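Listed below are the residues making up each chain.
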Amino acid sequence: MIKFLLMVFGRDKGNAGVSDEDLMERFRDGDARAFESLLERHERKIFNFIFRFVRHRELANDLLQETFLRVVKNAKRYTRKAKFTTWLYTIARNQCIDALRRQQHRRHRSLDQPAGRDADGPTLLERVPGKSPDGLERTDAHEISARISAAVDGLSEEQREVFVMREVMQLKFKEIAEVVGVSENTIKSRMRYALENLRQALADYAPTADAEPEAQSTGSRT
């Protein structure tokens, strides 16, 4: 379906310096090729975002297609009230939630992606310090990965969602708040509790793991 959309709307390589919002307004006003630029910019990121919700590649591809179809269907109603990416992530998130409710299976997330704001930075797994003198954990990496995945899966749904959007997708707290539909302080609170609960669950691996200064907490809630 993505290839079909590209065939319909064509390819336009001349929009490198145009903002997402301007492109979406051009598409809304009849410039079909502007859609292709948006698709090229965000297709991979949205797929990764969806995949970390549903943990199933075929379903993620289906939801990716449905997300961009929703963009096409709702283009005439688009207004520049927020960033285009916030609107796009909101559509993708809603698709994921609906799909998971229909299938009634739990979400699993991969943590082998860079954590924090730096896309080239260490992953959460890499930030877990080892116990040996040289700082390297000798436990099999698959075992550690399984422990981390289980710890994240043990978080409440709200905490898991914020953790992935912040640590994996590197969204700002304000952007997450806009996507989820709650206050920024609520998002920060969920992140604090998520990090504290993960710290406790992985205490034997990372007794001194550092959190972001604004996301520290002394409490633990699920």
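Residues numbered from 1 in each chain as written. Predicted model: local features only at pLDDT ≥ 70, side-chain atom pairs only at ≥ 80, totals over all residues. Heavy atoms only, no water.

Let us look at the overall build of the protein. When its secondary structure is counted, the protein shows ten helices and zero strands. Start at the N end of the protein and walk to the C end: the helices and strands fall as α-α-α-α-α-α-α-α-α-α. Taking all 222 residues of the protein together, 46% fall into the buried category. (Helix = DSSP H or I, 4+ residues; strand = E, 2+ residues; numbered from the N terminus. Buried < 20%, exposed > 50% of the residue type's maximum accessible area, 1.4 Å probe, protein only.)

Inspection of the entire model under this criterion finds eight aromatic pairs. In textbook terms, an aromatic cluster arises when at least three aromatic residues are bridged by ring pairs, as seen for F27, F35 and F68. R57 extends its terminal NZ or CZ atom over the ring of F51, reaching a point 4.9 Å from the ring centre. (Phe/Tyr/Trp six-rings, centres within 6.5 Å; stacked < 30°, edge-to-face > 60°. Lys NZ or Arg CZ within 6 Å of the ring centre and 35° of its normal.)

A separate point is the packing of helix α2 (residues 20-28) against helix α3 (residues 33-54). Look at α2 against α3: their axes get within 8 Å of each other, and the N-to-C directions meet at 140 degrees. When the interaxial angle is binned, α2 and α3 end up oblique. Handedness of the crossing formed by α2 with α3: left-handed. Only A34, F35, S37, L38, R41 and H42 of α3 make contact with α2, whose side of the interface consists of D20, L23, M24, R26 and F27. Within the contact of α2 with α3, the residues separate by chemical class into six nonpolar, two polar and three charged. (Axes fitted to C-alpha atoms, helices over the stretch in contact; angles between N-to-C directions. Parallel < 35°, antiparallel > 145°, perpendicular 65-115°, else oblique. Left-handed = near helix turned anticlockwise from the far one by under 90°. Contact = heavy atoms within 4.5 Å. Nonpolar A, V, L, I, M, F, W, Y, C, P; charged D, E, K, R; others polar.)

Another aspect to go through is the nonpolar core. M24, I46, F49, I50, V54 and F163 are the most contacted members of the largest nonpolar core, which has 54 residues in total. Of all the secondary structure elements, the ones that give two or more residues to this core are α2, α3, α4 (57-73), α5 (84-103), α7 (141-153), α8 (157-168), α9 (173-180) and α10 (184-201). For this core, the element with the most residues is α3, which contributes eleven residues. (Core = buried A, V, L, I, M, F, W, Y, C linked by side-chain atoms within 4.5 Å.)

In an α-helix, one full turn covers 3.6 residues, which means residues spaced three or four apart are oriented alike. The end-to-end C-alpha distance of α3 is 30 Å, a good match for the 32 Å that 22 residues give at a rise of 1.5 Å each. H42 marks the point of greatest bend in α3, at about 45 degrees. Backbone geometry just downstream of α3 places R55 in the positive-phi region, at approximately 55 degrees. (Expected span 1.5 Å × (residues − 1). Bend = angle between axes of the 7 residues up to and from the residue.)

By the secondary structure assignment, R190 is in helix α10. A relative accessible area of 14% places R190 in the buried class. Excluding anything up to four places from it in sequence, R190 contacts E158, Q159, V162, V180 and V182.

This brings us to the confidence of the model for the protein. Across the protein, pLDDT averages 77, with 68% of residues at or above 70. Ranking the elements of the protein by mean pLDDT puts helix α6 (residues 124-127) last, at 50, and α4 first, at 95. Contacts of residues 105-112 to residues separated by more than four positions or lying in other chains number 34 contacts, the stretch itself having pLDDT below 50. Counted against residues more than four places away or in other chains, residues 207-222, with its pLDDT under 50, gives 33 contacts. (pLDDT = per-residue confidence, 0-100.)

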